[in-house]
Each structure stands twice: as C-alpha cells, then as structure tokens.
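# Remarks on the overall topology
The residues making up each chain are set out below.
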Amino acid sequence: MYDIALDKNGYIWLATQSGIDKFDGYNFTNYGQSDVPGKGPSGSLIYNLEIHPISGDIWIATVNGLNVLRSESQLFESFELYDHQGKSDKSIKIIFIDSDQNIYVGTDKGLYRQRADEDGFKIVSMPNQATVIIDVISLNKDKLLVATSNGVMSYNKKTEVWRDEILPMLEVTALEIDNQGYLWAGTKAQGLFRAKIGEDTFSAVTSVVSTVGFSDSIINDIQQMNDDSIWVATTRGIFIFPDPTDTSFVNLVNRANGGETKVEEHVSKLFKTDSGLIFFGTYSSGFNVLDLNSTMFSRFFLYPNQVSYFVAKEADDSLWVATKEGVYKVNADNSVEGPWIGKSEKESINQVKTLAFQDKTNTLWIGSRLGLGKLVSGDTYIRDMGIKNASVYSITVGLDENIWVGTWTEGLYVFDPVANRIVKNFDLPMATRILPISDDLVLVSTANGLILINPQTDEIRKLNNDPEDKNSLVHDVVTWVSARDETSYYVGTQGHGLLLLELSDFNGEAKFSRLFLNTILSASSIAAVVGDDNGNLWIATESKIFRASLESGRVDAFDDNDGVNTTGYYIGSYAKKNDGTIVFVGDQGVTYFSPELVEKPDDLLGLHFTRIAILNGNDSRGINEKFNIVPNEEAAVTRILLSPDDILVSIEFAAIEFGSPESIEYAYRLIGFDDRWQYVDSKNRTATYTNLSPSTYILEVKSTNRYGVWNDKPQRMTIQVLPPWWQTVWATITFGILAIVLVFVIFRWRTYALHKRSVTLYQNVQEKTIELQMANEKLTLLTTLDPLTQVYNRRGFTDAVGKAFSKYKRSNELFSIILIDIDFFKRINDEYGHEAGDQVLIKFANVLAQCMRDYDILARWGGEEFIVLLPNTELKDAINIANKYRERIRNEVFTVADTSLQISLTAGAADIEGYTSVDQCIKRADDLLYEGKNLGRDQVLPML
C-alpha cells in the first residue's frame, strides 16, 4: 500500500503494486494495468494518488508514467513527460496540486508543472538536474517545499527561484507543516527532523533520535491529526508526538490486547478524514482503520491481559478490584495497591469473584471459590470468615449491617460480622444479586426466578414465569434487580432484556412489564443497571453497553467500536463514583466513562448506488459510475430504463462508513410496487425485483450511521419499465381504429354472398399460407442439411444443441456429445479421388444414421468429422454408444472404385455436466478425439 486518497463522493482509493483500488467500506474495485485504452493505468505499480479538488479527477503516479482517471467519463488518460534532453520520463514519485490548481509532478529526474490554464506538462529548471523529487507541499501561497534526494529545497512559483533550505545531502522522504509553525522532515535511515519556520528561513533544526530504532528507520509519511498530534509512519511502526511543540513520542499499541501488541511494522502511508478516522497502509498487510472517536469508553488493566471479575467502591472513590490473582485497590489518585491474597496454599482462595464494601466498619467483604473473607485496614492477607468451602457468587451489606452471601450451590447465607457466625440459611438457587429494601423485604435475583424474603419472618415468596399470566416474569433466569422508586424495580434477565416490576410490599401484587421492547436491548442479557444524573439508564450486557431513557423510549447501543468490551460484563459488577463516573467490569478489563461525555455523533452518511445489474435473457450489464451519488432530493435522480424483455433488476447500495461498516443498517422500498420499508443489514445491501409491470417506480434507500441514527432523506432512483409494443399508446389507438373499421365492415357487408366470398378468400389465404410455410420449412431444411450426406450441417446441429443446452439450464437434463473422425480419410481422397471420398462420406453418414435413436441428432461437423447429440444421456452411456458406432463401421464394407475398404473411426465423448457453455463441452470432446488419434486411432475416449 503506497498511498491513500478520499474522493468527493466519499470513496477511499488505494495505490498498490497491482493498480488502484476503490473501496466503499465493503467491496474493492480494482483498476489494473490494461492494454485497452482508457480502461486502466499505464503501470501496475502505483506510488501516489492526488484528487483534484474541483474536477474530482484522480491523478496517478505510476512506475510507467503519469495517468489521470477522469471523474465524468471514468476513463484513464496518460501523459508523456520529457526532460531537458527530450527523453521520456516515466518513473513518477509524487503529484501535488496547489491552491491555484496548478499540478506539480515529481520524478526521478526532476519537477514538472502544468498550469491551471494550460494543457501539458513542462519541466521546471533546477540547480541540480539529477535531483529526485520525493515529496512536495505548500509553504505559503508563493512557495513550495520540495523533499529531494539532496535535502529540502524551496521553489518560488513567481520568480521560479530554487533555494536549499535544510538537511543538505540527506534523502528527505516526507514533509509536514504543523499548526504551531514547525516543519517536520523525515529521511531515509537518518531519522526525523523538526525546524521552526521563520519569515524567510528555517531555524532550530532538531534531530529526533531514539534508542528503540527510530533514528535509523525510513520515514514514509508524516501527518498532523485532528487532535494536533503528529503521527509518523516508518519502517518500524507508527510513532506519535502528542504535543507538536515537544519531541517526546509514544508508540501506537493495540488497546484490545491489553497494550501488548504493537501496530505492524513498515507502515507506508497515513491518511486522516475530517470525521476522525485514521487510515494507515502497510507494505505487506493492506491497510487498517483507526477511529479516534472510539474513546468515549475507556478501559484499564492493573497489568496487561489481566482478568478482572468485580469492583466495589469506598466513600472516597477508591475502587477495589477482584481478580484471579487476588484483590487490588485503586486509590482516588489512581495509584494501585495489592494484591491481597489468602493465607491458604490453595490457589482458589485468591480467585476472588465478588466484593462488597461496608462503609460503617470500613471493611471489604470478599467472596471467592472457597468461601467468605474480609479485609480491614492494616491487613496483609484476606481473612477467612465463617462461610468456608462454599463458592460465593454475590455479597451485599444488609440494612442491619449483616452480610448477605449468595453461593453457587449452598443457598443464601446471612452472616453476623459482630458475632462472627451464620445466623440464617435459605435454600435458594444461585443468587446473582441481593437487594435489601426494608426490614421486611429483600429481593434476590436467582437462576430460577425472583425471590422475595421477609427477614422478620423468614417467609419466602417466589416469582416465576407463568405462560398463562402476561404480567408474570418473562424468563426465570434473573441476573439483576435494583430499585427504581419505593414501589417499582428494574429486573434484568438472561436473553430477555430488562423488566419493570411493580410491587408495593412483600404480599402485594407483582406485575412485570417489558421495557424497551422491539429494540436489541430486549433480547440482551443484563449484567448491571445504573442511573445517571440526567435520568438515563446505563445497562451493561453480554456484548454492549446501552443508554436507555424511560421518558423518550430511546435506546442507544455502544459496542467495541466505541471502546466497550466485546465479551461484555460480569453480573452485578459495577460502581458509580462521586463525580458520576460509571465503572463496569468484564474479562477484557475495567471499563469506565462519564455519562455526560458519551455522545453519539448524528452525522449522516453519504449513500451511493454502487452496482446495478439488469438481466435480459443471457445479458447482464451494469450502470455507469457517474450515477453513484445523488446530491439531494431536488437534484436529478438516477434513472433506469427497462425494456419489456428485462426480467430482473438488482441494485446494490452502500453508505460510506469505514470505521464500522458492519454496524450500518439499511432500508429500501419501491414506491409504486410496495410502499413498505424493507430493513436489511450490511450483508444484504441489495434490492432485487423481477418481472415488474410496465410503470414508473421510485426506489428509495436510506441508512443509519454507526450509532443507529436514520437519515430521513433517502437516496432515490427512478425505474421506468417500458410496456410491450401492444400495450403502448399508439398500439391502443391503432387497435381502436381497427376495431371501428371492423365493426363498420361487418355492419355494411352482412350478406351471405359477401360471407361466402370471405370464406373463399380465407381458404385461399390459408392455402397460400400453408404453401408459404412449407416453402419456408424447405428453405430452413436446406440451410440446416449437409447437401452431400443429407444429415444436419453445423448450423442445424448448433440450433439443436442450443435448445438442449437451454433445457439443461432450466431442468438440469443432461446431454452428451460425440465428435467422430474417419481415420485416414485423406489417404482415400489421395488414392481414389475426391468423388470416391464423397461416396465414403455418404455411406458413413448412412451407417451412422441407422445407429441413431429416434431423438439423437447426427450432423456433419466439417470435412470427415461428424458430431452426434445424445439427449438425456450420461457420459458412460455416450461412451458405450460411440463404441457401438465404431464396431458397426469396422464391420461395414465400403466399396470404392471396385475396391473394398475397411474404414475405422476415432471418437471423443463428453457430457455437458460441469461446463458453462456448449463450446466448452465440444472442445472437451475434440481434445479427446485428437488424443485418441495420437494413441493410434480406431478408439473412443475416454475409456470406461
């Protein structure tokens, strides 16, 4: 990947060693070197692309000359460049278009220019004519900065004066001017340099060196991004300078792998979009896209690739994090302490699954696979408490400061931390979350329903799914419960979304209702529900984080493109800090975010019709690329004209989204056919219609952006289906006139005599018609029969096999072909004359005809070659039939000039299965025929 460009329609264009590729977010269209004028660039290796800001033409630098792809015609043109000696200059390195639309082209031999008001390129005189031009940028309106094989030079466009600026004798490979007034210059194997730009000179030239291989790497590209950072593409990866006024830098790493995996080395090109996407191309692995907008949700690991299970918060916003290796504390200043582990030699005691912090006693309660533990200030180990050898799943501090402990298989315990003993044990399924409400009500979500407990009486009430009761729990696996207000509660389920429970007290009527039905949230598994200060609910699930509003009903989904864990979050593992920051925990790390900073951009995407195919019999054709975009509803829309014989039209569309194209949803409808919207995902971006009735239709297509916001202004296309001639207006008028005339004739000539004359005339016409039909049939027969042998000729056979092939495509009815050649026929002509040869051909055809089945077709293919069509015949049967022909011919006596001759034949057989055309099948039979001749003749191939 040598260069990346974005055209005015939103397509990405890529310069590669195999031509240029156009990318719409889903599919690549390649334009490779072509010998056909206008169909491809003059060279396959493309170094640079530059898109004209006005015309949209794409200028292409190749190893074999300069090319341009015209936006309007979609045709390629080539340009010849000649140096000072008049020699052709082919190796193009760089193309640059300045603010005045002058085009500059850098090559191995110098710099060329085409002024905006001129045609053709002229070489620009340079002090050193052997200088290689590598990069060109604008210093200001009047000057260019040029990276060359001998340093950085400036060129005054008005005075045409060159001047050496910085880095003499160094091969400079990339230039960039940042918004702080610094010039960044990359070199080949000499590292990166930065210089302060003055009014007429450069100062403070600084070499950016590194002990990790930066200084000796090749700098391929430099870009200042939308956040002002400087990105440098090198043969050893990407380096980022967060502050352009500072020379300190960091390496770009892959966040999804815990900060361990670096971006692939040898990055060749950087490209940024206004929306914040960063493309970087490599020399061996294509290109990648980084979305700087995917930072609304942040993530941290206590150390790389660590698995975290749970989080609990202290009053001072310190976080306790449960991990496989023990318990860590993240202080309010982000310093980390720990881990705390148990004294037991069993590793399982350190695999902490759940936490609860008791503010009153400043105690952290810890649940692990081996039971309940705790930490108090000053402890160096996790203390074992009264519940042992029970795998703990959930812990909650009760209103009376007792500790409620849910286990996997041992039920629900109530532990008195003062008396240090278990005071109650309830035989319940696995408790996923425990919610104390009052002295006489505790709600417990379990793997088998929602449980209500009265701590005063120890009475238990179970709420389960009842198919007969629409107000019951919709699914028995309950993963979450939290209070909405004094009489209503949020209830989360596995795979059935979020519910609202209305319940006044322990004995009150329980009424469940589903929330946010008909959204993706309604089919999700709920891990945690947290409210923010704006009345929104933040809901962690198995793969996404949702923001949902009960007031508006709106649901926003956030996924890994926004920084969310792809594998989701653990049940009940959340914290809400004093500043409103929400924390969820999953096996891909701890996710945290400020709700007020999470905004879904409502930018709408450009929608394009990317491919149109029309089927007319065997004809499939596309549509010109100029129809790829419709600027607005008022503009002229794309129009497709279908003839009466066009039986299918298929239209592909795409919204230009490179950050997360798979998240785009689409809807289309054909007004005049079906006004209902059809909703599809990004894998099914095609609208197909067959056998449309004659009329004018409007196809409307709309899409979402990556956050699910629909564009209310659909892209439109007119589809006009022409009627057959007998349904046209002129045909209707003609038929009407004829009808009137006919009625008039019948009315005027209703006499027997006229009727008799009409009958006679009709009979005469019929006779003439029959005669004409017979004459036509004879003529047809004459044109399809071989005049010598009176069997079908090549034309007759072609018609017959064409019909057989059409039947094969419709009903998969096989047929076979035998191609036959008379062995040593030329010897007969040479020895006995052509008249004798003709007699042999006639008898040979007669003998074969006698062997034919009623539905077989024999034809003379040419010279001494005959061909046989065997309908409904497989290959093995065709081989047997051919061998029967061979035996019959061998046993037949041919008399020529009073001389008896023995004739043999060689044949090749093939059936149509596996071939896409009759010609391929015939060629296979012909190849086998000639193989049989090479093997000695008098045989049929293939052999059984």
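Residues numbered from 1 in each chain as written. Predicted model: local features only at pLDDT ≥ 70, side-chain atom pairs only at ≥ 80, totals over all residues. Heavy atoms only, no water.

The name given to the protein in an unreviewed UniProt entry is diguanylate cyclase, with Glaciecola nitratireducens as the source organism. For the protein, the Catalytic activity (unreviewed entry) comment in UniProt is given as "2 GTP = 3',3'-c-di-GMP + 2 diphosphate". One UniProt comment on the protein, placed under Cofactor (unreviewed entry), says "Mg(2+)". (UniProt positions renumbered as here; feature names shortened; annotations may be inferred.)

Attention now moves to the sheet that holds strand β47 (residues 498-502). Across the sheet, four strands lie side by side as β45-β46-β47-β48; this open sheet has antiparallel pairing. Taken across any chain shown, the strands that pair with only one partner, and hence form the sheet edges, are β45 (478-485) and β48 (511-514). Mean inter-strand twist for the sheet, computed between neighbouring axes without regard to direction, equals 25°. Inspection of the sheet shows β47 paired to β48 by four bridges, in the antiparallel sense. Across the sheet, residue Leu 500 finds its bridge partner in β48, namely Ser 513. (Pairing = 2+ DSSP bridges. Helix = DSSP H or I, 4+ residues; strand = E, 2+ residues; numbered from the N terminus. Axes fitted to C-alpha atoms, helices over the stretch in contact; angles between N-to-C directions.)

So, about helix α7 (residues 918-934). In an α-helix, one full turn covers 3.6 residues, which means residues spaced three or four apart are oriented alike. The terminal C-alpha atoms of α7, which comprises 17 residues, lie 24 Å apart, in line with the 24 Å expected from a rise of 1.5 Å per residue. Three or more residues of α7 are buried, namely Val 918, Cys 921, Ile 922, Ala 925, Leu 928, Leu 929, Gly 932 and Lys 933. Down the axis of α7, the sector holding all buried residues measures 145°, keeping them to one side. With respect to the buried face of α7, the exposed residues turned more than 90 degrees away are Asp 919, Lys 923 and Asn 934. A positive backbone phi angle near 120° is found at Gly 936, which sits one or two residues after α7. (Expected span 1.5 Å × (residues − 1). Buried < 20%, exposed > 50% of the residue type's maximum accessible area, 1.4 Å probe, protein only. Arc of directions from axis to C-beta.)

For any two helices packed against each other, one specifies the inter-axial angle together with the distance between the axes. Running from amino to carboxyl end, helix α5 (residues 834-851) crosses helix α6 (residues 875-890) at an angle of 135°, the nearest separation of the two axes being 10 Å. Here α6 runs oblique to α5, going by the angle between their axes. As for how α5 packs across α6, the hand of that crossing is right-handed. Residues Phe 844, Val 847, Leu 848, Gln 850 and Cys 851 of α5 touch α6, and the partners they reach there are Tyr 885, Arg 888 and Ile 889. Partitioning the contact of α5 with α6 into residue classes produces six nonpolar, one polar and one charged. (Parallel < 35°, antiparallel > 145°, perpendicular 65-115°, else oblique. Left-handed = near helix turned anticlockwise from the far one by under 90°. Contact = heavy atoms within 4.5 Å. Nonpolar A, V, L, I, M, F, W, Y, C, P; charged D, E, K, R; others polar.)

All right, on to the nonpolar core then. In this structure, Ile 818, Ile 820, Phe 844, Leu 848, Phe 866, Tyr 885 and Ile 903 are the most contacted members of the largest nonpolar core, which totals 32 residues. Among the elements of the structure, β65 (815-822), α4 (825-832), α5, β67 (865-871), α6, β68 (893-896) and β70 (905-911) are those that each provide at least two residues to this core. In terms of residues, this core owes the most to one element, α5, which gives seven residues. Among the nonpolar cores identified, the runner-up in size contains 29 residues, and Trp 480, Phe 516, Ile 545 and Val 564 belong to it. (Core = buried A, V, L, I, M, F, W, Y, C linked by side-chain atoms within 4.5 Å.)

Under the UniProt annotation, "transmembrane region" (unreviewed entry) lies at residues 725-747. In this annotation, residues 725-747 is assigned 83% helix and 0% strand; the end-to-end C-alpha distance for the span is 30 Å.

Turning our eyes to something else, we now look at the packing of α4 against α5. Relative to each other, α4 and α5 sit at 140°, their axes nearing to 7 Å. With respect to their mutual orientation, α4 and α5 come out oblique. Contacts between α4 and α5 involve Phe 825, Ile 828, Asn 829 and Tyr 832 from the first element and His 834, Ala 836, Gly 837, Val 840 and Leu 841 from the second.

A few words on the pattern of salt bridges. In the structure shown here, the tally under the stated rule is 37 salt bridges. Asp 83 serves as the salt-bridge partner of Lys 109, at 3.5 Å between the closest nitrogen and oxygen. With Lys 109 in the loop between β10 (103-107) and β11 (111-114) and Asp 83 in the loop between β8 (76-79) and β9 (92-97), this residue pair connects regions lying 26 residues apart in the sequence. Between Arg 716 and Glu 700 there is a salt bridge; the shortest N-O distance is 2.7 Å. Separated by 16 residues along the polypeptide, Arg 716 in strand β64 (residues 715-721) and Glu 700 in strand β63 (residues 695-703) bring together distant segments of the chain. The class for Glu 700 is buried, based on a relative accessible area of 2%. Connected via shared salt-bridge partners are Lys 143, Arg 163, Glu 165 and Asp 200. (Salt bridge = Lys/Arg side-chain N within 4 Å of Asp/Glu carboxyl O.)

Moving on: the pairing of strand β66 (residues 857-862). It is a general feature of regular strands that their side chains alternate between the two faces of the sheet. Summarising burial for β66: five of the six residues are buried, a large majority. With five bridges joining them, β66 and β67 adopt antiparallel strand pairing. Looking at β67, one finds that Arg 860 is bridged to Phe 866.

Along its sequence, the protein is organised into domain 1 (170-293), domain 2 (306-527), domain 3 (528-600), domain 4 (607-723) and domain 5 (815-941). Each of domain 1 and domain 2 has a C-alpha centre, and these two points are 49 Å apart. (Domains from an automatic or database assignment.)

Quick look at α4 now. Within the sequence span of α4, burial applies to Phe 825, Ile 828 and Asn 829. Buried residues of α4 fall within an arc of 95° about the axis and therefore sit on the same side. Every exposed residue of α4 that faces more than 90 degrees away from the buried side is listed here: Lys 826, Asp 830 and Glu 831. One or two steps after α4, the chain reaches Gly 833, where phi turns positive at roughly 100°.

Once that is clear, we can look at the packing of aromatic side chains. What the rule picks out here adds up to 39 aromatic pairs. Judged by centre distance (5.9 Å) and plane angle (35°), the rings of Phe 279 and Phe 287 are tilted. For the pair shown, Phe 279 and Phe 287 are each scored as buried. Each ring, one from Tyr 569 and one from Phe 584, has its centre 5.9 Å from the other, and the planes form 50°; the classification is tilted. Of this pair, Tyr 569 sits in the loop between β52 (555-558) and β53 (574-576) while Phe 584 is found in strand β54 (residues 582-586), placing the two residues 15 residues apart along the sequence. The ring centre of Tyr 47 lies 4.6 Å from the NZ or CZ of Lys 93, which sits over that ring. (Phe/Tyr/Trp six-rings, centres within 6.5 Å; stacked < 30°, edge-to-face > 60°. Lys NZ or Arg CZ within 6 Å of the ring centre and 35° of its normal.)

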